[in-house]
2 protein chains.
Amino acid sequence: MSDAARNNVAASAGARAGMSDRFLRACRRQPVDRTPLWIMRQAGRYLPEYRALRERASFLELCRTPELAVEASLMPLRRFDLDAAIIFSDIFVPVAAMGAAVSFEPGPTLAHPVRTRDDVRALRVPAMAETVPFVGQAVSMLAHELGGRVPVIGFCGAPFTLAAYLVEGRSGGGFEQIQSLMFRDPAMLRELLDTLADAMADYLRFQIDSGAEAVQIFDTWAGLLGPEDYRAFALPAVRRVLDRLGEPRVPVIYFALAAPHLIDLAAGSGADVLGVCWRVPLDQARRRLGRNVAIQGNLHPHALLAGPEVTRARALEVLESAGPEPGHILNLGHGILPSTPIASVEALVEVVRNRAPAPKRAEAAEPV
Amino acid sequence: MSDAARNNVAASAGARAGMSDRFLRACRRQPVDRTPLWIMRQAGRYLPEYRALRERASFLELCRTPELAVEASLMPLRRFDLDAAIIFSDIFVPVAAMGAAVSFEPGPTLAHPVRTRDDVRALRVPAMAETVPFVGQAVSMLAHELGGRVPVIGFCGAPFTLAAYLVEGRSGGGFEQIQSLMFRDPAMLRELLDTLADAMADYLRFQIDSGAEAVQIFDTWAGLLGPEDYRAFALPAVRRVLDRLGEPRVPVIYFALAAPHLIDLAAGSGADVLGVCWRVPLDQARRRLGRNVAIQGNLHPHALLAGPEVTRARALEVLESAGPEPGHILNLGHGILPSTPIASVEALVEVVRNRAPAPKRAEAAEPV
């Protein structure tokens, strides 16, 4: 990062002194001065400076070069008053370290899909500090650059979602292979999920030890499953990640996309925060989940395409729906779209910054 | 159809005299001797004779040639003891008649996606008997061939699902256009949905007048929507189809795929039967929907790929889950997959044929 850019971040962050733990407090369902905001894929193609960076380096080069990953991670924070930074990386970075030959075309593509027990057993649970040291370096550098002003979020893919790609060999196409495997050879699928869970636990631990103050587990394809199969495969795999992760724990966000039928079960994953997409209104999510878990979401990413006015109106609806209880992190219901206008993101930031919350309890108004 | 084939169907159907209204009775939540069964996409690529037919004719030729459409529709009934025939066609047949230039590559592809109000207004609600006479002829021929032994199901796409394709221009890819349109220009989307609803009502009426004894409305993409947007767009469009369809009514099945969060709302569509995919266990569906609607589903299509034994076990679970109350039609939770073994379908047929239902009430055992 250039000195100018560094000063820029330092200056804009300095102007917001004291905001650092708003996101972490909300993860723990503690009162906050205002709802924290971050955006899935906030370092992405909707940013012209990110597109310019991608002209200089491939996606994988960004992931594997700490300076570039940090540069990308900081881009959205230079523009917008966001409450967390997420490390720029990809859920397949640690999977490649497990011995799977992954390329991006642009979705993850496996040279040899995992189809047999031997394929499963060929995957290893690697020492992350040795196989993907650059991830730890990037997290550590990012935390250092931010100087505690906002926390760094680490992340990984959930075992079922990673398995879906590994077994299919590519993204898209209905994931026929993993859904067949579930019926044909459930024991093999469990073995694959166990291996992935162990590796992901170690990968999250590596990021936490490097400076991540929260982590998110992305379960993009869990919604394919009915409740019984979710309970049999995807859910225990997430639990295994958290069990092996152990202590000390940072807040864990678990986000199963397009899984409105699974959120009650997902609340038993052990995660502190459940990501919710727009299919479940937040007031309904609150009713279904009770107070034992915080929620993150769920502005429709397409609302932002319609410009600042629609973004503002819909964001206010989300905040209303979440209600005044502590434990809500504003985010989109899925990653921000490449065609999103910058002005819409600015409007979103303004909404949380300007909205005076209606404190439910006295301590909701305390400075944090 | 050849005479030999005709005799074959007549003979095998003759052996099952008296089964004709099992499916229709279940649609109306009346007691039946056993659960009726049909299979979405039952005339499809998993059948070798269908693949052979497709070597002689393109997909669109099959749709547009009554003799061939009837031939395809009858194929599954020659092999399996199914309780309904569905006319071989495609949801885009009537959309092409509205003036949209659709091709199949193999998903529906629009030469000119619908992007402006003028595009919407260029779509017409055509006289179906003049623009797609071959559909009526095929339904009529199929009903004649079956001689009332099992009913013919007609079908159409739901307005929202058709709009998703029309606006996007192609299938797949996340349907960014329709979801953006919903926020950018809801009035234009409503106008498009209204036009589609009117055309689909006329199209269903045309099929009913030609001999269809039940119809299914496929809402494959409704599950993209959150409840509020579903209530604002997709649901009123389905209601408009049913309002315009009017009387005399045959049973209407409404199937929204991957929409576990919408079934309570979908129960207010006015349909007699709700199709349910595997994401909602049928006992839960029964609890949520009450007794005012029958349910159809929901065996996981991938279970059949694992062979007859798994198919049998899973089908029994579905029947158990549906319970003894009248008003269940066994089907898959989505179309049968091309790689499905014939033996799995045979096992599925055996399960319903051999299972002695536990009659809840005396009349459940009456002959039908």
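Refer to the structure above for everything that follows.
Residue positions are counted from 1 within each chain, in the order its sequence is given. Each chain takes a letter, starting from A, and each ligand takes a number, starting from 1, following the order in which they are written. Totals for whole chains, interfaces and linings use every residue, but because this is a predicted model, local features are given only for residues with pLDDT of at least 70 and side-chain atom pairs only at 80 or more, for both listing and counting. In computing side-chain properties, one takes all heavy atoms of the structure into account and sets aside hydrogens as well as water.

Chemist: Got a minute to help me understand the interface of chain B and chain A in this structure?
Modeler: Think of interface size as the accessible area that goes away when the parts come together; that is how it is often given. The contact criterion used throughout is that any non-hydrogen atoms of two residues lie within 4.5 Å. Listed by partner, the interface residues are 27 residues for chain B and 27 residues for chain A. Buried area: the sum, over both parts, of the accessible surface (1.4 Å probe) that disappears when the two are put together. Of the roughly 2,200 Å² buried where chain B meets chain A, counting both sides, 59% is carbon and sulfur surface. Counting the surface chain B buries against chain A, the share from its top three residues, Phe183, Arg279 and His302 of chain B, is 29%. Between Lys or Arg on one side and Asp or Glu on the other, a salt bridge is scored when a side-chain nitrogen of the former is within 4 Å of a carboxyl oxygen of the latter. Counting across the interface, chain B meets chain A through 2 salt bridges. The partner of Asp229 of chain A in a salt bridge is Arg314 of chain B, with the nearest N and O atoms 3.0 Å apart. The definition of a polar contact used here is a pair of N or O atoms within 3.5 Å, where within protein one atom must be able to donate a hydrogen and the other to accept one, and adjacent residues in sequence count solely through side-chain atom pairs. Counting across the interface, chain B meets chain A through 10 residue pairs in polar contact (both at pLDDT 80 or more). Here a strand is any run of E in DSSP of at least two residues, a helix any run of H or I of at least four, and the numbering for each starts at the N terminus. Sorting the residues of the side of chain B that touches chain A by element identifies α11 (176–184), α13 (227–245) and α16 (308–322) of chain B as the ones contributing at least two each. No other element matches the 6 residues that α11 of chain B contributes to the side of chain B that touches chain A. All amino acids are sorted into three groups, where Ala, Val, Leu, Ile, Met, Phe, Trp, Tyr, Cys and Pro are nonpolar, Asp, Glu, Lys and Arg are charged, and the leftover types, Gly among them, are polar. Grouping the amino acids of the side of chain B that touches chain A by side-chain chemistry returns 14 nonpolar, 8 polar and 5 charged.

Chemist: Explain the relation of the copies chain B and chain A to me, please; I cannot follow it from the model alone.
Modeler: The relation between the two chain copies is a rotation about an axis coupled with a shift along that axis. We superpose the copies by least squares over the C-alpha atoms of residues that have a pLDDT of at least 70 in both of them. Overlaying chain B with chain A gives an RMSD of 0.0 Å, the required rotation being 180° about an axis along which the chain moves by 0.0 Å. In symmetry terms, the pair is related by a two-fold rotation axis. Here 100% of the contact residues of chain B are again contact residues in chain A; the copies associate through an equivalent surface.

Chemist: What's the story with the nonpolar core in this structure? I'm lost.
Modeler: The tendency in soluble globular proteins is for nonpolar side chains to be buried side by side. Membership of the largest hydrophobic core comes to 280 residues, with the highest contact counts inside it found for Tyr254 of chain A together with Tyr254 of chain B. Residue contacts for Tyr254 of chain B: discarding those within four places in its chain leaves Ala158, Ile217, Asp219, Ala222, Tyr230, Val238, Ala266, Ser269, Ala271, Val273, Leu274 and Gly275 of chain B. The criterion is simple. A nonpolar core is a set of buried Ala, Val, Leu, Ile, Met, Phe, Trp, Tyr and Cys residues joined through side-chain atoms within 4.5 Å. Each residue is placed in one exposure class: buried if its accessible area under a 1.4 Å probe, protein chains only, is under 20% of its type's maximum, exposed if it is over 50%, and partly exposed if it falls in between.

Chemist: Which parts of the structure should I look at to understand unusual backbone geometry?
Modeler: For residues that are not glycine, phi is negative in most cases, and the peptide bond is trans in most cases. Here the bond from Glu247 of chain A into Pro248 of chain A is cis, since omega is -5°, no more than 30 degrees from zero. Along the chain, the position of Pro248 of chain A falls in the loop between α13 (227–245) and β6 (252–256). Each neighbour pair has its own omega, and for Gly297 of chain A with Asn298 of chain A the value is -10°, a cis peptide bond. Positive phi, close to 50°, is recorded for Ala258 of chain A, a residue that is not glycine. Mapped onto the fold, Ala258 of chain A is located in the loop between β6 and α14 (263–266). Relative accessible area serves as the criterion here: at 25%, Ala258 of chain A is assigned to the partly exposed category. Here Arg29 of chain B, not a glycine, exhibits a phi torsion of approximately 60°, which is positive. Along the chain, the position of Arg29 of chain B falls in the loop between α2 (22–27) and α3 (48–56).

Chemist: Just to check I follow, could you spell out the packing of helix α3 (residues 48–56) of chain A against helix α5 (residues 66–79) of chain A for this structure?
Modeler: When two helices pack together, their arrangement is captured by the angle between the axes and the distance separating the axes. Residues and elements named next belong to chain A. Where α3 meets α5, the closest approach of the two axes is 9 Å, and the angle between their N-to-C directions is 165°. When the axes of α3 and α5 are compared, the pair comes out roughly antiparallel. Note on packing geometry: the crossing formed by α3 with α5 is right-handed. Only Leu68, Glu71, Ala72, Met75 and Arg79 of α5 make contact with α3, whose side of the interface consists of Pro48, Glu49, Tyr50 and Leu53. Here the residues of the contact of α3 with α5 are counted per class, giving 6 nonpolar, no polar and 3 charged. With axes taken as lines fitted to C-alpha atoms, and helix axes fitted only over the stretch in contact, angles between N-to-C directions fall between 0 and 180 degrees. Note on angle classes: values under 35 degrees are labelled roughly parallel, values over 145 roughly antiparallel, values of 65 to 115 roughly perpendicular, and the remainder oblique. Two helices crossing with the near one rotated counterclockwise from the far one by less than a right angle form a left-handed crossing, whereas a clockwise rotation gives a right-handed crossing.

Chemist: Can you help me understand the packing of aromatic side chains in this one?
Modeler: One pair of aromatic rings is described through two measures. These are the centre distance and the angle between the planes. Each Phe, Tyr or Trp ring (for Trp, its six-membered ring) is paired with any other whose centre lies within 6.5 Å, and the angle between the two planes then decides the class: stacked below 30 degrees, edge-to-face above 60, tilted in between. Per the stated rule, a full pass over the model turns up 16 aromatic pairs over all chains. Of the aromatic side chains, those joined through ring pairs into one cluster are Tyr50, Phe59, Phe88 and Phe104 of chain A.

Chemist: What should I look at first to understand the sheet that holds strand β6 (residues 252–256) of chain B in this one?
Modeler: Hydrogen bonds between backbone atoms are what pair the strands of a sheet, whose relative direction is either parallel or antiparallel. All names here are of chain B. Pairing between two strands is assigned when DSSP locates at least 2 bridges connecting them. In spatial order, the strands read β1-β4-β5-β6-β7-β8-β9; together these 7 strands make up an open sheet with parallel pairing. Looking at which strands have only one partner, the edges of the open sheet turn out to be β1 (85–86) and β9 (328–332). Relative to strand β4 (residues 152–157), β1 runs parallel, the two sharing 2 bridges. Within β4, the residue paired with Ile86 across the bridge is Ile153. The sheet strands contacting helix α12 (residues 186–210) are β4 and β5 (214–219), and the helix crosses β4 at an angle near 170°.

Chemist: I would appreciate a short explanation of the pairing of strand β8 (residues 294–299) of chain A in the present structure.
Modeler: Residue and element names in this part refer to chain A. Counting buried positions along β8 gives 6 out of 6 residues, so the element sits mostly inside the fold. Pairing analysis gives 3 bridges linking strand β7 (residues 273–275) to β8, with the strands arranged parallel. Bridge pairing in β8 links Leu274 to Ile295. Taken together, β8, helix α16 (residues 308–322) and strand β9 (residues 328–332) form a β-α-β motif whose crossover is right-handed. With the strands pointing away from the viewer, any crossover whose connection runs clockwise from the first strand over the helix to the second is right-handed.

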